[in-house]
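Residues per chain, in single letters:
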Amino acid sequence: MKKNVLLTFVLTLFIGSLFAQSIHITGTVTSAADRQPIPGVTVQVKGTTQGTTTDLDGVYKLEAPADATLLFSYVGMQAVEVPVNKRMLINVSLQENKVDLGEIVVVGYSTSSKKLISNAVSVVNENDLKNAPVRTIDGVLQGKVAGVSVNINSGTPGGQNSIKMRGGSSITASNQPLVIVDGMPVISGSYGQIGYSGQEIDALSDINPNDIESVTFLKDASATAIYGARASNGVMLITTKKGNFQKSSVNLNTSYGWQTLPAERLPKLMNAAQWNEYKGTNVLGVDTDWMKEILQTAPTSNTELSVSSGNDKTRMFISGNYFSQDGTVKSTRFDRYTGRLNVDHKLLNNLTIGGSIMMSYSKNNRVEGDQTLYGPLPNALSIPAIYPVLNPDGSYNEDGPYANPVAIIDHTINEAFTNRNNGNVYLEYKFLNDFTFTSKWGADQYLLREHEYDPITVAQGAKYNGLGIEGTTYVSNLVSSNVLQYIKSVEKTHHFEALAGYSLEKYASRNTYIEAVEFPNENLEYITSAGSIRSASAYGLERGMNSYFGQFKYNYQYKYIITLTARADGSSKFGKNNRYGYFPAASVAWRVKEESFMNSVKAVSELKLRASVGLTGNDGIDDFASLGLYGGGFNYGQRPGIAPTQLPNPDLKWETTMQTGLGFDLGMFDDRISLVADVYLNHTRDLLLKRPLPPSTGYTSIFSNIGELENKGIELLLNTQNIRGDFTWNASFNFSANRNKILLLYEGQPIDDQGRGGNRVQEGEPTGIFYGYVCLGVDPTTGKLVYEDLNKDGAITADDRQKIGDPNPDFTYGITNTFAYKNIDFSVFLQGVYGNDIFNGTNIYLASGIGEDNQLAFMADRWKNPGDITDIPKEGDQLKSSRFIENGSFMRIKNVTFGYNFSQKLLKPIKLKSARIYVSGQNLYTFTAYTGMDPEVNYYSNDNVVMGTDFFTYPQSRTIMVGINLGL
Amino acid sequence: MKKILFLILASAILTTSCNKVLDVEPSASISSDIALKDSSGVESAMRGAYSGLQAVGLYGRNAAIIADLAADNLVWTGTTQDYGNIMNKPIPAENAIADGMWTAAYDVINRVNNILYKLPDIPYGSIAGKNQMQGEALFIRALMQHYLAGFFGGVPLRTQPTLDLSNLELEKSSQTDVYASAISDLETAIDLLSHKTIAGRANSSSAKALLARVYLSQFHATNDAAYATKAMQMSSDLIAFLPGLATKYSNLFDPAIPSTESIFEVIYDKQNFNRLAQYYYSRNLDGRYEIAPSAGLIAAFDTADVRLDVSIRYDEKNNPYGAKYNDVAGGVDRVNVLRLAEMYLIHAEALAYTNGDVAAIQNDINVIRHRAGLPDTEAADIASLKLAIENERRFEFAFEGHRWHDLVRTGRAAEVLGIDQKFTLFPIPLSEMQTNKKMQQNPGY
């Protein structure tokens, strides 16, 4: 290199002395995308061998004839020719080399140009992941992608959310997508051993969204079949940031926010006076606002530092992140520390090695959720205002119908600690020009430690003289994937791409759990001090997966595209008879725009038609479900016992989904308007159904391959650049409508009365309809609720139940509008769900008219005397009826962000490359007719059937946040 | 050279592929085939069957609550609305508690049926050991059949284990057929079982006592006086054979004092506990107070009756609570299933309903009354003696799971509780109705 420069210099001098008109030229080469200088750009005088390269600051100097033309070229950028025209300062900005094939996206085991993809794939880039105060990956993806619905199940910090792609494909087996990080399937889901009902923690929350470069959603079989047996629910490919060859950048992001529960969504409960009137009591002097006692304005903060750097052989990305979020319910908090190192190194010209490691530690301070008698939120809602928080002597008052929530907040310890290591190493070897062999080995390790202590000062602890629980869960997943790829283009018309691969996975988990009681002192919180062990167990589980896969892609002149995919998966989950499953898929695309007859249609900048068909599988069931089993732990008289736990089903096999889809990509006016539209029909057969058995057999269910269901739907993604220039206005709109229908169940038997809302699985209906009694109102003479007697037999019995609601939405949507003027940008993101019903289970208690539970204020207007016309009964009953069904449609102002980017002029003197400050608001307002706290929550987490039911669930908070991003 | 190196590396990677990753065996469960292959497996499975009796739907909770709550001994004061439904009839078929009782009882029946099915092929050192296992299994099966028939009337009679997906659906047998099957099981069991007493396990006395109880039920169900005679015989045999009533009534409920009166009880320990005290105790005493003694029961007690203070106490806020189960934290209270006092009252009831000797009936009742610190019964004719027996049972066995069966058995439930006769049977649970086409719902549901 140095030699070259020297040579050039000498030559320049020599030539310069020959041609007197030569002049000294200098300038800076920057990237058009981020205005950052680019080192190492080749600057050449056209038609000569004369040239130089830019230095670390992107600056070049050379001598050339005043009428020469300079040629600027750099790998990955479009080359530019600039006539000198006697100028001595020539600054150049280079565009990224996009040719006309669009951005490169990561798909299963390979990458592809977006324009050449023939199947249904959606991509979310890092820009879309910025600014959201929710710093977990599922939280930031909500509402962003057509066909991907993220449900925030509760407002619990670090809590588990539900992700569904194109509707739920299964009833009993998993409905969550397969999550792949940098090519390796990762541990996701909830592993907690202490039950928190819908407020489980999620292994995915260990990933820092700032480390993510892009998330690709593979939505149809042609895209997902390469992941075979686990692909029925779609695949989420997360790609983390890589370093840059040559270029260095340092980014510091920090933000701070305040969260509150929106006051307008809190239920209007009775105060003491109303309660006295309602109960006919006369308790004076106390009027406790229990909700106020347990709620707080909760701070949240996020700080991260990342460095992206490299030279021409090595690139690396290092980041560190600290995120903390207090919950709006006092004493809840989530803290997370993550670090990541991604390195790639070109050992030889044709051999690259690299690896990545992510380490994370998090601590989650939790409270018991909704399905318990010791949850602060349900208890605060349910204790009447006439009870004081404290007794006159300063002790907690426990006279109310439920345990004192303030005592729980002050003294109960519920902690979950996770340590996560996720790393991989790879080598990529190119040979014989067209072949690439990649071998990747990864390990994901997840250690969860749970610690609970209820001292004698809280109701639950008092019962046991102190209750302590210690649980540890260790999960590891080892993965190896080995792929041989062949890429060949013949005469720029035939483009082939083929890959074949093998992967193997070994999963193991170990749990220990100890529960003990009788603690001598409230400050001794570990079990070593406990008087007696109530429960102790340890458990181990292993599972393996063996897979072979291949893909063949061909396109003719980038015009006609075909993709064929197949995978064979073997899983230890299934019986020996059906251990392997085979999953083929195919798709075709026609890029109409490339046809010559489209040349005259200038308005259309892209038109691609797509069609796909394929088979995918689902193995998301318990291990060993095919075996007849005896379980241990059925002890009696302190000696061990065993009992039959499971009936055998040796023919148990994969659940398969036949997915067919059609779609088109349309770009208009230079892609100022782009529309991606898809329709699909997914037909699932051999449903892995935990079908109910007559309990008189001694078993209540068995896993069998019985039943069929279908999902069909439409997805639209519309991006527009409404105004360009100094003032820009971009809009993005996504829309998804899915129709789910159960086609076949075992002998038509419904799966009935699931969860507190009475969800039901029934042929001909969508999964999880609400099935119960139709409430006709209140009998004016008796004040009792009247129900429809469907079979007219004179009595209200189980046979009088009918469909009373459907928790599945008609459609969901997200709308983002982004405005920018010079240094100012402003964006508004609306997210909505339409046409679903909610079972307001909270009101079974808060509008019951019976018992000691606190009541909603409107219960004061209940039926009192014969002749009163009202729809509020004197006393409710507990029948799951239409009385509790409400319209669940909502539209949320999910995010509003206002940002300011400081100009280069201001930044240069202080040696900053970029600086941005912003203010952002999350969940600013929710438009809904729902009367409960939050229309989005579901008390039962990710259950496939128990859906749309609110039961004292922790609602999402409203967050106002300020932040600053600095680039050095 | 480098290329060769890579080929070696690549082939090494590829050959790591092995089907070994797929050959994984469960480590927390064992396959059914190997579970019951020798006598120690049978012994483990037998303990597993007894542990089934600790289920919430059985003696872990609801066996000692529901018969009192569905009748007039308890009222619902808690938050679990399914208990409210048991109190306020009609009980919906989807009631989770009735469902849990049904499911738990059949789970236990399936556990013992598995043992009975395998037992003939399992080698034993001594025939006595094998007989004991068979006898205990038959006892448990009869106990569960009687439990089910008492609440639900006619139910499916399961005498074979469920081993695969065949014969899943079975129609109900009549209540008298279920009792007949229990009688036959127990008549076999009494000769198989030893006299030896092991805590929490059945012996020959247990089988005889249960047999006396089932005879009495069958007598009322069939009106066949022969069963009354057998009930009398069986109960008087036991009265003669066993050491006698516990001297102090309160000792019966104190886990620290060995019960001399117990004939069969379900035992608990720190890890396998019941939730009775927790459900009975008031909130001020760290309980859940799901149920409380009814005002009617409290009023009916004679204040001199020592059983009153043992059965019902008051917390600092003057809330009455059931006090037979007192270990809120540990839940190791003993749960009496069969005890000698019942034999006296079975004897008396069988006599009374067959117009037997008044003095003999009075004598039976008085044995129980004297222990309770009460004078002789004043009842002197058959009609008032029947009522005296009913009341004595109410006081003696409050919160022990008898009251509902006492009233239903004698046909008095509708009158005493003021409910429709058809609601004296619980509904067949919805989960059974929806999965078993051969099942018929009880009338009125």
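Residues numbered from 1 in each chain as written. Chains lettered and ligands numbered in written order. Predicted model: local features only at pLDDT ≥ 70, side-chain atom pairs only at ≥ 80, totals over all residues.

*Asks:* What is the right way to read the nonpolar core from this model?
*Replies:* Generally speaking, nonpolar side chains in soluble globular proteins are found buried as a group. Of all hydrophobic cores here, the largest spans 172 residues; its most connected members are Ala105(B), Phe139(B), Leu186(B), Leu210(B), Ala212(B), Tyr215(B) and Ala231(B). A per-element tally of this core places helix α7 (residues 127–152) of chain B first, with 13 residues. (Core = buried A, V, L, I, M, F, W, Y, C linked by C-beta atoms within 7 Å. Buried ≥ 20, exposed ≤ 12 C-beta atoms within 10 Å, placed from the backbone. Helix = DSSP H or I, 4+ residues; strand = E, 2+ residues; numbered from the N terminus.)

*Asks:* I'm lost on the confidence of the model for chain B in this one. Help?
*Replies:* As a note on interpretation, predicted positions should not be read in detail where pLDDT is low. Across chain B, the average pLDDT comes to 92, with 95% of residues at 70 or higher. Interface scoring of the predicted complex returns ipTM 0.91; its pTM is 0.80. (pLDDT = per-residue confidence, 0-100.)

*Asks:* Looking at this model, I keep getting lost on the pairing of strand β15 (residues 212–218) of chain A. Mind explaining?
*Replies:* Along any regular strand, the residues point their side chains to alternate faces of the sheet. Residues and elements named next belong to chain A. Here β15 lies mainly inside the structure; six of its seven residues are buried. Strand direction decides the pairing type here: β15 and strand β16 (residues 235–240), joined by six bridges, are antiparallel. Among the inter-strand pairings, Phe217 is bridged to a residue of β16, identified as Met236. (Pairing = 2+ DSSP bridges.)

*Asks:* I would appreciate a short explanation of the sheet that holds strand β2 (residues 42–45) of chain A in the present structure.
*Replies:* All names here are of chain A. Reading across the sheet, the four strands line up as β3-β2-β5-β6 and stay open at both edges, with antiparallel pairing between neighbours. Edge strands, defined here as strands with exactly one partner in the open sheet, are β3 (51–53) and β6 (80–83). Pairwise comparison of adjacent strand axes, ignoring direction, gives a mean angle of 20° for this sheet. Where strand β5 (residues 69–73) meets β6, four bridges bridge the pair, whose relative direction is antiparallel. Residue pairing across strands places Leu70 opposite Val82, the latter belonging to β6. (Axes fitted to C-alpha atoms, helices over the stretch in contact; angles between N-to-C directions.)

*Asks:* Before we go on, may I ask you to explain the environment of Tyr117(B) in this structure?
*Replies:* Residue and element names in this part refer to chain B. Assignment of secondary structure puts Tyr117 in helix α6 (residues 96–118). Between the alpha carbons of Tyr117 and Arg283 there is a distance of 47 Å; along the sequence they are 166 residues apart. Beyond its immediate chain neighbours, meaning those up to four positions away, Tyr117 contacts Gln160 and Pro161. (Contact = placed C-beta atoms within 7 Å.)

*Asks:* What am I meant to see in the interface of chain A and chain B here?
*Replies:* Accessible area lost on assembly of the parts is the figure often given for the size of an interface. The partner chain B presents 68 residues to the 68 residues of chain A that form the contact. For the side of chain A that touches chain B, the leading source of residues is strand β26 (residues 532–556) of chain A, giving 11 residues. Its residues assigned to classes, the side of chain A that touches chain B shows 31 nonpolar, 27 polar and 10 charged. Sheet topology places strand β30 (residues 629–632) of chain A next to strand β1 (residues 29–31) of chain B; three bridges connect them, and they run antiparallel. Its bridge partner lying in β1(B), Gly631(A) is registered against Ser29(B). (Nonpolar A, V, L, I, M, F, W, Y, C, P; charged D, E, K, R; others polar.)

*Asks:* Explanation requested: the domain arrangement of chain A in the structure shown.
*Replies:* What the domain assignment lists for chain A is domain 1 (2–94), domain 2 (104–240) and domain 3 (770–805 + 840–887). Put simply, the middle of domain 2 of chain A and the middle of domain 3 of chain A, counted by C-alpha atoms, are 41 Å apart. (Domains from an automatic or database assignment.)

*Asks:* Just to check I follow, could you spell out the sheet that holds strand β40 (residues 769–772) of chain A for this structure?
*Replies:* Hydrogen bonds between backbone atoms are what pair the strands of a sheet, whose relative direction is either parallel or antiparallel. Residue and element names in this part refer to chain A. The four strands are arranged β38-β39-β40-β43 in an open sheet whose pairing can be described as antiparallel. Pairing within the sheet leaves two strands with one partner each, and these edge strands are β38 (751–754) and β43 (802–805). Across this sheet, the average inter-strand angle for adjacent strands is 45°, counted without regard to direction. Bridging between β40 and β43 involves three bridges; their strand directions are antiparallel. By the bridge assignment for β43, Phe770 is matched with Gly805.

*Asks:* Honestly, unusual backbone geometry in this entry has me stumped. Any pointers?
*Replies:* Note: most peptide bonds trans; most residues except glycine with negative phi. Of the consecutive residues Lys89(B) and Pro90(B), the connecting peptide bond is found in the cis state with omega at 5°. Note that Pro90(B) resides in the loop between α5 (81–87) and α6. For Asp182(A), which is not glycine, the phi torsion reads 50° and is therefore positive. Note that Asp182(A) resides in the loop between β13 (178–181) and β14 (184–185). Note on Asp182(A): 23 C-beta atoms within 10 Å, which makes it buried. A positive phi angle, close to 45°, is found at Leu432(A), a residue other than glycine. Within the secondary structure, Leu432(A) is located in the loop between β22 (413–431) and β23 (435–454). On the basis of neighbour counts, which here come to 9 C-beta atoms within 10 Å, the residue Leu432(A) falls in the exposed class.

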